[in-house]
Amino acid sequence: MRVEVRRAGEQVQSGLVDNAMPDSSVVWLAPEGVQRRTLYEAVHGFEVWVEQRTNDLDAGN
């Protein structure tokens, strides 16, 4: 699933979560494209946002 990493409300990066600590304090993100895998820590103000997906069966209701 694609996620966005944000800091102070601004998007920093997007990609796939490669690994994460059980308490979600640290996330490794595998970005889309040629950038390297990056570590983001909640203690430094980073947040991970998941794009909400709608169910195809609910579309149009």
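Residues numbered from 1 in each chain as written. Predicted model: local features only at pLDDT ≥ 70, side-chain atom pairs only at ≥ 80, totals over all residues. Heavy atoms only, no water.

Asks: For this particular structure, what's the right way to read the pairing of strand β1 (residues 2–7)?
Replies: Here is the key point about a regular strand: its side chains alternate between the two faces of the sheet. Pairing analysis gives 6 bridges linking β1 to strand β2 (residues 10–20), with the strands arranged antiparallel. When the bridges of β2 are listed, Arg-7 appears paired with Glu-10. Linkage of β1 to β2, two consecutive antiparallel strands, is achieved through a turn of 2 residues, within which Ala-8 is found at a positive phi near 55 degrees. Two strands pair when backbone bridges link them, and β1 and strand β5 (residues 46–50) are joined in this way by 5 bridges, in the antiparallel orientation. The residue of β5 that forms the bridge with Arg-7 is Phe-46. (Pairing = 2+ DSSP bridges. Helix = DSSP H or I, 4+ residues; strand = E, 2+ residues; numbered from the N terminus.)

Asks: What should I look at first to understand the pairing of strand β4 (residues 38–41) in this one?
Replies: Two elements, strand β3 (residues 26–31) and β4, share 4 bridges in a ladder whose sense is antiparallel. Across the sheet, the residue bridging to Leu-29 is Thr-38, located in β4. What sits between β3 and β4 in their antiparallel hairpin is a turn of 6 residues, with Gly-33 showing a positive phi close to 105 degrees.

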